[in-house]
Number of protein chains: 2
Amino acid sequence: MSELLVSGGQVLRPDMTVERADVLVDQEGGEIVGVDDPGAFGADDELDASDGLVIPGLVNAHTHVAMTLFRGYADDKPLDRWLEEDIWPVEAELTAADVRVGAELGLVEMVKSGTTALSDMYFHVPEIADAVEEIGPRAVLGHTAITVGKDDDAARADMERSLEVARELDGAANGRVTTTFQPHSLTTVGEEYLREFVPTAREAGLRVHFHANETTDEVDPIVAEHGVRPLEYADDVGLLGAESFCAHGVHVDGAEIELLAGTGTGVVHCPASNMKLASGMAPVGRYREAGVTVGIGTDGAGSNNDLDMFDEIRDAAMVGKLAADDASAVPAAAAVEMATRGGAELLGFDGGRIAAGAVADLAVLDPDAAHLTPAHDLVSHLAYAARGSDVRHTVCDGQVVMRDRELPGVDERALRDRANERAYDLVARADGGT
Amino acid sequence: MSELLVSGGQVLRPDMTVERADVLVDQEGGEIVGVDDPGAFGADDELDASDGLVIPGLVNAHTHVAMTLFRGYADDKPLDRWLEEDIWPVEAELTAADVRVGAELGLVEMVKSGTTALSDMYFHVPEIADAVEEIGPRAVLGHTAITVGKDDDAARADMERSLEVARELDGAANGRVTTTFQPHSLTTVGEEYLREFVPTAREAGLRVHFHANETTDEVDPIVAEHGVRPLEYADDVGLLGAESFCAHGVHVDGAEIELLAGTGTGVVHCPASNMKLASGMAPVGRYREAGVTVGIGTDGAGSNNDLDMFDEIRDAAMVGKLAADDASAVPAAAAVEMATRGGAELLGFDGGRIAAGAVADLAVLDPDAAHLTPAHDLVSHLAYAARGSDVRHTVCDGQVVMRDRELPGVDERALRDRANERAYDLVARADGGT
């Protein structure tokens, strides 16, 4: 069995303490074999973590990775205008080849900032799976179905496509890809389609990922039409449950929080996107108190505008305090926990912790920098001072996907050139130029 | 005359457009001589900005730089408990030598993230001036006076000290240091001392820097005691005016905003600190609409926890939208403007712009990175996606203070070691250990 030794570092343990230890990884099984005193293990291959801090790979639990092509394309607009005036017109022009390049770019950015797993919502999903296979992280993918504005045939076809993609791509990229069924949101998928297709997805054992309660514009129509809060409606159509998670959950009342907790439904908090689109502040402290599993997501690069989970951890801790009007809400360790174990739980794998038996997904940071000095508390630094560029190595599924900030086999410069070219061409097409 | 040519880059111009240009710098005068087409200038020395983006050096308009020693020492507490239980006990143990090391560490962090000017509030100010001289940025320094909890002699001595430091250190570090008179805040300096010493400072032509309206705990006692809002009281004791700026300004009413605008008093917005201490959200959009000059500050590393102004620009844009409940509030260019020209205006120098006649303070970023691709809009990237580690070179007052991420003459590793040692020793003393 081929083994990798992550040696010489300090390790963030599941109890959020930090200790000097080596980490032994089974590369074929993609699992952590053990964590022990420095020098306790030998192995075929070694990853030098000297003076480094070994942390679980970060989990970006809600993103649209191919949207890196739209980074900086349109900013400073509310969600509805941003989608209608800018994003949907360019998305209408997106080809499978564009999605492939955008996904590669985003995955490279993620790996370079210590993210080893993502949960993505988009279309042209086979191309995203190919990009995942090439770049190396773990991903939960799915085809996002929308029925509003479509005739019944097209609406049904989109729902079917979501089921089909979830069935077909599960297990791709050597098992690193798993899937979810993805009705886009409670307002963009008609009730009849939810009532028909959600049970089908459940019977097929598929996990479910959807948007909910992001803005008041997503809440008010549901209340008006159904006379109940959106998550009560979601429960009624079968969307809630231990195999489900929703993104955002900004505008929720106490009963909805209890409903999520009671059904075991997870929430992905996207603080940067919620700030940038002025959607509001999710009550993360209250979710956690109620026992809801919370992960953290960057959302797409169009509304963030980067995919650096360290920004997102910091934002989660910061906004959590503002939302609660309490500086002790969402402390550093809670934010780090959401970005690691919380996300892994939502995505459905045993990870987000450096411990024997967990998946071998980790990042090695270099804390030897002015902005991370002094070293009073490394967990505090992870939440409040570290940034993606502090990551030196990234390991996913036992494989070294970045070593000394280089991704083996990836020509980053050529990728950036292709991404720029695709992005400019796309905007020109959307503008009717070509 | 010794000249430096910043060549081969794209330049962010004062109108927030970006164009290919070279920048010629007079090193003795510390001024930009001209900005022209690539190849238009020749010079003795050259700074390679090929493929780089040349921006005005960032201005950190409110910080306590020596507090880097407390980074990560105490988190996740509200302002009053954080100060009383954690910060004041360690500050009581701070020696001049500690402040020197903490300041050096913070200044290195700033230079490495593209900050070329800061406005600092602290004590042991001569040591901070020495650190500024050594590391190379521009700084507006001052001794912060507090009178509450002191007898009259000690209170008067502290106010006198603030005047004296402002007079004596003005022009230090080859003119890069200027000064402000610094009554700490409206609640920590007694009214009689404000009424006596503020006019003295005004007569001496000193600028004034103070904290105001950071939390409701700072507002309510003023209203209770004086029957007016804090900034009305500040105006009454002579604190407002074109030569004054206050930090925070979170809890203000419309009349106070008008008062700041009418008197020409500036505000330093510290979004990260205000989130982390759950102080609230400053109405930055409303300040700007009213014509108040707004700068951006990191506050101290104890409540941030880093001094990276790119985080702060992003936070200002993000929180500005949340506070206004409007995604078009505080757009990218406005956030960049506050962190450059806005801050320079408050600090009292002609900077924050790459143009002939302005001070030669600039940073060169490397936009050739996955997280800054595609290049739809570099101003958007500055606000939402760039981070301090993207800065390749930093120039202040015509001198190269960082070249290819190295600070000439600074042994960073030795400095980090000294800072760790000082910080641990300080905490041990505060805990009564040694």
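The rules behind these values
Residues numbered from 1 in each chain as written. Chains lettered and ligands numbered in written order. Predicted model: local features only at pLDDT ≥ 70, side-chain atom pairs only at ≥ 80, totals over all residues. Heavy atoms only, no water. Domains from an automatic or database assignment. Contact = heavy atoms within 4.5 Å. Buried area = accessible area lost by both parts, 1.4 Å probe. Salt bridge = Lys/Arg side-chain N within 4 Å of Asp/Glu carboxyl O. Polar contact = N/O pair within 3.5 Å; in protein donor to acceptor, adjacent residues only side chain to side chain. Helix = DSSP H or I, 4+ residues; strand = E, 2+ residues; numbered from the N terminus. Nonpolar A, V, L, I, M, F, W, Y, C, P; charged D, E, K, R; others polar. Pairing = 2+ DSSP bridges. Axes fitted to C-alpha atoms, helices over the stretch in contact; angles between N-to-C directions. Disulfide = S-S within 2.5 Å. Buried < 20%, exposed > 50% of the residue type's maximum accessible area, 1.4 Å probe, protein only. Phe/Tyr/Trp six-rings, centres within 6.5 Å; stacked < 30°, edge-to-face > 60°.

Participant: Teacher, can you tell me more about the domain arrangement of chain A here?
Facilitator: Accessible area lost upon the coming together of the parts serves often as the stated size of an interface. Residues and elements named next belong to chain A. Annotation of chain A at the domain level lists domain 1 (3–56 + 356–402) and domain 2 (58–347). Relative to domain 2, the C-alpha centre of domain 1 lies at a distance of 28 Å. Taken together, the contacts link 25 residues of domain 1 with 28 residues of domain 2. With both sides pooled, the region where domain 1 packs onto domain 2 buries about 1,900 Å², and carbon together with sulfur makes up 66% of that total. Interface area lost by domain 1 to domain 2 is led by Met16, Ala383 and Tyr384, which between them contribute 28%. Linking domain 1 with domain 2 are two salt bridges. A salt bridge links Asp397 to Arg138; its shortest N-O distance comes to 3.5 Å. Taken together, the connections running from domain 1 to domain 2 amount to six residue pairs in polar contact (both at pLDDT 80 or more).

Participant: I tried to follow the interface of chain A and chain B on my own but got confused; where do I start?
Facilitator: Across the contact, 65 residues belong to chain A and 65 residues belong to chain B. Across the interface of chain A and chain B, roughly 4,900 Å² is buried in total on both sides, 57% from carbon and sulfur atoms. Across the contact surface, chain A and chain B share 12 salt bridges. Arg314 of chain B serves as the salt-bridge partner of Asp315 of chain A, at 3.0 Å between the closest nitrogen and oxygen. The interface formed by chain A and chain B holds 29 residue pairs in polar contact (both at pLDDT 80 or more) in total. For the side of chain A that touches chain B, the elements supplying multiple residues, two or more each, are helix 2 (96–112), helix 9 (271–276), helix 11 (309–324), helix 13 (378–384) and helix 14 (412–430) of chain A. When its residues are assigned to classes, the side of chain A that touches chain B shows 29 nonpolar, 15 polar and 21 charged.

Participant: Sorry if this is basic, but what is going on with the sheet that holds strand 7 (residues 53–56) of chain B here?
Facilitator: Think of a sheet as strands paired side by side through backbone hydrogen bonds, with each pair either parallel or antiparallel. Residues and elements named next belong to chain B. Pairing is mixed in the open sheet, where six strands are placed in the order 3-2-7-17-18-19. With partners counted over all chains shown, the strands left at the sheet margins are strand 3 (18–20) and strand 19 (399–402), one partner each. Adjacent strand axes in the sheet meet at a mean angle of 25 degrees, parallel and antiparallel pairs treated alike.

Participant: Just checking my understanding: could you explain the state of the cysteines for this structure?
Facilitator: Linking two cysteines covalently through their sulfur atoms gives a disulfide. Residues and elements named next belong to chain A. Under the defined criterion, the tally for this structure stands at zero disulfides over all chains. Here Cys246 stays unpaired: no disulfide links it, and the sulfur of Cys270, its closest cysteine neighbor, is 10.0 Å away. In this structure Cys246 comes out as buried when scored by relative accessible area, which is 0%.

Participant: Would you explain the packing of aromatic side chains in this entry?
Facilitator: Describing an aromatic ring pair means giving the distance of the ring centres and the angle of the ring planes. Residues and elements named next belong to chain A. Under the defined criterion, the tally for this structure stands at two aromatic pairs over all chains. Centroid distance Tyr122 to Phe123: 4.4 Å. Interplanar angle 20 degrees. Geometry classified as stacked. Relative accessible area serves as the criterion here: at 3%, Tyr122 is assigned to the buried category. Since its relative accessible area comes to 22%, Phe123 is described here as partly exposed.

Participant: Please clarify how the pairing of strand 15 (residues 362–365) of chain A should be interpreted in this entry.
Facilitator: The side chains of a regular strand alternate between the sheet's two faces. Residue and element names in this part refer to chain A. Every second residue of strand 15 is oriented toward a common face, with Leu362 and Val364 on one face and Ala363 and Leu365 on the other, all of them buried. As judged from the four bridges shared by strand 5 (residues 53–56) and strand 15, these two strands associate in the antiparallel manner. What sits directly across from Val54, in strand 15, is Val364. Bridging between strand 15 and strand 16 (residues 391–396) involves four bridges; their strand directions are antiparallel. Within strand 16, the position partnered with Ala363 by the bridge is Thr394.

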